[in-house]
Structures are given as C-alpha cells and as structure tokens.
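Inside the fold
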Amino acid sequence: MTTQAGSSLTAIVLAAGQGTRMKSTKPKVLHPLCGRPMVDYAIEAALAAGCGDVVVVVGYGRDELAAHLTKAFGDRVRTAVQQAQRGTGDAVRSALPTLDPSAERVLVLCGDTPLLDPAELVRLAGSIEGGAPLAMLTAMTEDPTGYGRVLRDAEGKILAVREHRDATEEERRVREVNTGVYVARASFLRESVAGLLPNNAQGELYLTDIVAVAAKAGGVASVQAESASALVGVNERAQLAAAEDILYGRIADRIRRAGATVRATARIDATVVVEPDAVIEHYVVLRGKTRVGANARIDVGSVLTDVEVAPSALVKPYSIASDSTIGENAQIGPFSHLRPESRIEAEAHIGNFVETKKTVVRRGAKANHLAYLGDGDIGEGANIGAGTIFCNYDGFKKHRTEIGAGAFIGSDTQIIAPVRIGVGAYVATGTTITRDVPDDALAIARLKQENKEGYASKLKARLKASVTKKPSGG
Ligand code: UD1
Ligand code: CA
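Presented here is a report on the structure given in the accompanying data block. (Residues numbered from 1 in each chain as written. Chains lettered and ligands numbered in written order. Predicted model: local features only at pLDDT ≥ 70, side-chain atom pairs only at ≥ 80, totals over all residues. Heavy atoms only, no water.)

One pass over the full model with this rule turns up 25 salt bridges. Between Asp-112 and Lys-28 there is a salt bridge, with its nearest N and O atoms 2.9 Å apart. Of this pair, Asp-112 sits in the loop between strand S6 (105-110) and helix H4 (118-126) while Lys-28 sits in the loop between strand S1 (9-14) and strand S2 (32-33), and the two are 84 residues apart along the sequence. Classification of Asp-112 as buried rests on a relative accessible area of 14%. (Salt bridge = Lys/Arg side-chain N within 4 Å of Asp/Glu carboxyl O. Helix = DSSP H or I, 4+ residues; strand = E, 2+ residues; numbered from the N terminus. Buried < 20%, exposed > 50% of the residue type's maximum accessible area, 1.4 Å probe, protein only.)

As structure tokens, then:
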C-alpha cells in the first residue's frame, strides 16, 4: 500500500539507543521478531505510508545496524549518526541537518514499535493539513506504566506529554499515552528541537517536550490508535514476546485470508510465503525464505528453514529441513532430516530417519527408512534400502556417490565414495561397495553363509557349562 496523503513525507526512525532494559549486547532494534529485526517493521510501515525519504538514527552498535539496513533496504533507507544517546529529542536533532531542505512534513517513529498500522500513519499525516504544527498518535491503555502521559485541558486540547518518571500521582492516573509516533511540519520540528533542554528526571533531551511547544503555537492534532497494541513499544523481553505473539497472529491471519489453512500453534515468519490451499499443521515452524506451494501439507511439528516446497508435496510430522527443495508430490518424513542443499525432486520419497545433505534425489526415487545420503546424486526411480550409508568422508575430504536411474540398493549397504553405481544396477543386501558398478550389473560383496547342522544345542551346552563351573570372581 502506498497512499501518500498531501505534500511530501519524510520519516525519521529513532534507533540509536542500546535498549538497556533488554539486558543484551545486541542493539535492541536488531532483536528479531518473527524472523526479522524489530527495526524493519517501523521502516516498512513508514515506506508503506508513502515516505519517500527514510532516515534511521543510529548510535549504539551502529556498524552492525547500518550493515543490516543496507542489506535489507538498499538505498531506500539512509542513516544519520547520533554520537551519544542523550535522548529522543537529541536523536531527532542528529537527523535534521541531513533532511532535504524542501522536506515539508516529517514522520517521527521509534524503531522499537513494530506493530504500527501504515493506514494510521497516513491518517496522522493528514491530520496536520488543517494547520497544526504537530500531530501525535496516542493510545488508551489499562496499564500506562512507563509510557509518557498525554495531558489535555478541560476542552480536550493537548497541553503536553509528561514522562512516567516525571509525572505526579495525578498525572500517572491518565490512561491516554504517547505512542512515540508524530508528524510535524519540518520548520516547526527544526525550531522546537533546537530549543530543547535536559530539565527532567533523566537529564535527557526529550522529544516529548515539543508537544507543549506546539500546544502554544497553533495546537497539537492527534489520532487515537484503534488498537492499543500499536503502543507495544518494546523495551524489555516480555514485551518482545508479547509483540511477537501479536505479529505471528497477524501473519497467520494474512495467510488464512489468502486461502491456506494455518493451525493456531503454527509459527510462520514474516518472510515466508504460503500459497492457497496449503495446510500448515500445529507446532510447525516455518522460517526464512521458506515457500510452501499450493495444496502442499506441512504436518505437525516440522521445522523448515529456507525451504522451497513445491505444490502438493507432503511433509509428514516432525521433519526438519533447511536450505533445500522438495518437489511436487514428493513425500518427506515422518522424522526426516534434509540438511542444506538437498534437492528432492517430484514424486520422490524420503522416509523416517533418513538424513540427506548436498544430495539430489531425482524424480520418483525412494529412500524410505534409516539412511545417510550425503554428497550424492540418486537417479530417477532408484530405490535405496534401509540402513544404506554413503560413506562420503574419509576424515579429510568429502567424496561423491552417484547412483544411476532405476538402480536398486539392498538394505544395509555401505557405499564408499567416490563411486558410481550404474543405471539399473542391483546391489545385494549387506554389500560394501568400494568400486564402480557398471550399468545393469549385480554387485555382491559379503561373506558366504555356512550352516552347521545340529550345532546350536552343542554350542549352548558348552556355553552354559562354562558359566556354572567357574565361581564368579568379583
Ligand atoms: C518514549 C517516549 C514516551 C512514549 C514511549 C512510547 C520520550 C522521552 N519518551 O519513551 O513518551 O510513551 O516512547 O514507546 O521520547 N533513542 C535514540 N536515541 C536516544 C534515546 C532513544 O535513538 O538518545 C531511540 C531508541 O533507540 C528507541 C526510541 O528512541 O527506539 C525510544 O526510546 P526509549 O528509550 O525506548 O523511550 P521510552 O522510554 O520508551
Ligand atoms: Ca521505548
């Protein structure tokens, strides 16, 4: 959605603080929510609200943050540095000189409010068209502890914002709070921020002090957020968890509206795509660049990270896969493990306790039970028996195994790579393969069986005597 209301809109996203209440060395705004750093959500909201220029104020951990922003947003976002974290007012002050002189309206957001609704930002921006120098997004909450309170006069006009720490008992009873989201006329923002003083409990430059300035110079417009969740400003990990739950709920609802089934306990990251009529069962976790095709089913407890699942594929319960692809109508699991660079083609089957890594399993091939298939290429329709192991590692290097189309690998076979088993070849159960097997050949390498008639009872008698005679010594 890009619904730019009125004249050009510039965004300043405040993200320089360490976030001490998170008790972490990682900058607060880089903590992930549903697989994306927290700051991304505020930036996406600003972009969706039509901001043409987005400046992120960085400070604590700025190299790490700037590197992330470049990777995630390229040139759609730029940064301004706040040298020391002297408060939200000082943060805006650091960004102002970098703004285009022609900027008219400035949207100020905090990088720690990931649940903003772009439509509400557009409404907020529209609310200063009437001539007010400043508009703020407020919210009503049952528990306003920690937030700045919105102080209004008898007629309901906004007078000021008082921080929790600086508020009187009476002011603390106010349940309308500041969400930390504002739209200001650029000229007003420049003047008012220049005049800020650190006369408060924290000795910081509070951006919230510009509200009282605006109240005296034309008034403060306001929009009340429809859901109080907009103000879930994340300061500590409990709030991070609460915001993440809300976001997971929104993601699931978006996917449901598009026509897929998502059970209540599934957790789907913001970066994942799920096509219509797919079914995502309970306790499934989908992460990263995972994509689930139409009519595919991901059954209970499976965890997929960066996996491409083609339409109508079936991932049975408790399968784990990463950085891999699963073809149309292929079947995985239960309890399969696809490690990176596994390519399971259409109609192929990977069954329980089968591990693959850097291996192509071509169309219709099957490995249904207990196998390790690493660094291999398994031809179309080949059958891999239970207990097959690709011995791909000699302690120094990895080696490849190639299995031709239609080959049959009997159970409990060890295949010592590098080696090639030919098209249509047959490897007898229990064989250790050390050399190439030509097309259509039978390979068998195991000790011949010997049966000694009547020998079992004799053997048992001898063994029993050896236990009863000898006194058991300690
Ligand atoms: C702020 C508001 C408060 C509001 C709340 C909403 C002020 C003084 N208070 O409080 O009224 O109810 O948000 O969530 O503005 N930051 C910087 N540089 C700094 C300090 C902070 O960039 O020097 C950034 C932080 O990284 C953070 C944002 O500004 O993303 C807000 O700072 P924070 O310390 O979390 O403010 P709150 O105490 O939550
Ligand atoms: Ca905050």
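What follows is about the site of ligand 1. Inspection of the region around ligand 1 gives 23 residues, with Gln-82, Gly-87, Thr-88, Glu-163 and Asn-178 positioned closest. Here Thr-88 contributes a side-chain N or O atom positioned 2.7 Å from an oxygen atom of ligand 1. Here an oxygen atom of ligand 1 sits 3.3 Å away from a polar atom, N or O, in the side chain of Asn-235. In isolation ligand 1 exposes 760 Å². Once the protein is present, 90% of that is buried. Taken together, the residues that form the shell around ligand 1 break down as seven nonpolar, eleven polar and five charged. (Near = heavy atom within 4 Å. Polar contact = N/O pair within 3.5 Å; in protein donor to acceptor, adjacent residues only side chain to side chain. Areas by Shrake-Rupley, 256 points an atom, 1.4 Å probe, with all protein chains shown as cover. Nonpolar A, V, L, I, M, F, W, Y, C, P; charged D, E, K, R; others polar.)

Coordination of the calcium ion (ligand 2) by the protein involves Asp-112 (OD) and Asn-235 (OD1), with metal-donor separations of 2.3 to 2.4 Å. Taken together, the positions of Asp-112 in the loop between S6 and H4 and Asn-235 in the loop between strand S11 (220-224) and helix H8 (237-257) put the pair 123 residues apart, joining distant regions of the chain. A single burial state applies to Asp-112 and to Asn-235, both of which are buried. (Donors = N, O, S within 2.8 Å, 3.2 Å for Na, K, Ca; no water.)

Together, Tyr-318, Phe-335, Phe-353 and Leu-370 make up a nonpolar patch on the protein surface, roughly 420 Å² of accessible area in all. Along the chain, Leu-370 falls in strand S27 (residues 366-374). (Patch = residues over 30% accessible without salt bridge, like charges linked within 9 Å, V, L, I, M, F, W, Y side chains within 5 Å.)

The next thing to look at is the packing of aromatic side chains. This structure, assessed with the given rule, holds three aromatic pairs. Taking the centre distance of 5.4 Å and the plane angle of 10° together, the rings of Phe-335 and Phe-353 count as stacked. Placement of Phe-335 in the loop between strand S22 (331-332) and strand S23 (337-338) and of Phe-353 in strand S25 (residues 349-357) is noted, with a sequence separation of 18 residues between them. Between Phe-408 and Tyr-426 the ring centres are 4.7 Å apart and the planes differ by 20°, which places this aromatic pair in the stacked class. (Phe/Tyr/Trp six-rings, centres within 6.5 Å; stacked < 30°, edge-to-face > 60°.)

Attention now moves to the pairing of S6. Strand residues, when the strand is regular, have side chains that alternate between the two faces of the sheet. Of all six residues that make up S6, six are buried, and the element is covered over most of its length. Of the two faces of S6, the one lined by Arg-105, Leu-107 and Leu-109 and the one lined by Val-106, Val-108 and Cys-110 are each fully buried. Both S1 and S6 contribute to a ladder of six bridges, which runs parallel. The residue bridging Leu-14 from the neighbouring strand is Cys-110, located in S6. Bridge count between S6 and strand S10 (residues 176-185): four bridges; the pairing is antiparallel. If you follow Val-106 over to S10, its bridge partner there is Ala-184. (Pairing = 2+ DSSP bridges.)

Among the nonpolar cores identified, the biggest contains 61 residues, and Val-274, Ile-280, Leu-286 and Ile-421 are the most heavily contacted of them. Taken together, the elements giving at least two residues each to this core come down to helix H1 (38-48), H8, strand S19 (303-309), strand S21 (320-326), S25, S27 and strand S34 (419-421). The contact partners of Leu-286, leaving out residues within four places of it in the chain, are Arg-267, Ile-268, Asp-269, Val-272, Val-274, Ile-280, Val-292, Ile-298 and Leu-304. Residues Ala-42, Ile-43, Leu-109 and Val-181 belong to the second largest nonpolar core, which totals 38 residues. (Core = buried A, V, L, I, M, F, W, Y, C linked by side-chain atoms within 4.5 Å. Contact = heavy atoms within 4.5 Å.)

What follows deals with the pairing of S19. Bridge analysis of strand S16 (residues 285-287) against S19 gives three bridges, and the strand direction is parallel. Bridging from a neighbouring strand, Val-285 pairs with Val-303 of S19. Sheet topology note: the strand S17 (residues 291-292)/S19 ladder contains two bridges and is parallel. By the bridge assignment for S19, Arg-291 is matched with Glu-308. Here S19 runs beside S21; their pairing, made up of six bridges, is parallel. Across the sheet, Glu-308 pairs through a bridge with Thr-325, a residue of S21.

Our focus in this paragraph is the packing of helix H3 (residues 88-95) against helix H6 (residues 186-194). At their nearest, the axes of H3 and H6 sit 10 Å apart, and the two run at 125° to each other. With respect to H6, the element H3 is oriented oblique. Of the two elements, H3 crosses H6, and the hand of that crossing is left-handed. Between H3, through Gly-89, Val-92 and Arg-93, and H6, the contact on the second element is made entirely by Leu-189, Val-193 and Ala-194. For the contact of H3 with H6, the class distribution of residues is four nonpolar, one polar and one charged. (Axes fitted to C-alpha atoms, helices over the stretch in contact; angles between N-to-C directions. Parallel < 35°, antiparallel > 145°, perpendicular 65-115°, else oblique. Left-handed = near helix turned anticlockwise from the far one by under 90°.)

Here Gly-333 and Pro-334 are connected by a cis peptide whose omega angle stands at 0°. Looking at the secondary structure, you find Pro-334 in the loop between S22 and S23. That bond from Ala-417 to Pro-418 is cis: its omega, 0°, falls within 30 degrees of zero. Checked against the element boundaries, Pro-418 lands in the loop between strand S33 (414-416) and S34. Of note in the backbone geometry, Asn-295 takes a positive phi value of approximately 65° without being a glycine. Structurally, Asn-295 can be placed in the loop between S17 and strand S18 (297-298). By relative accessible area, which is 47% here, Asn-295 ends up partly exposed.

All we've got here are geometric facts, nothing functional implied.
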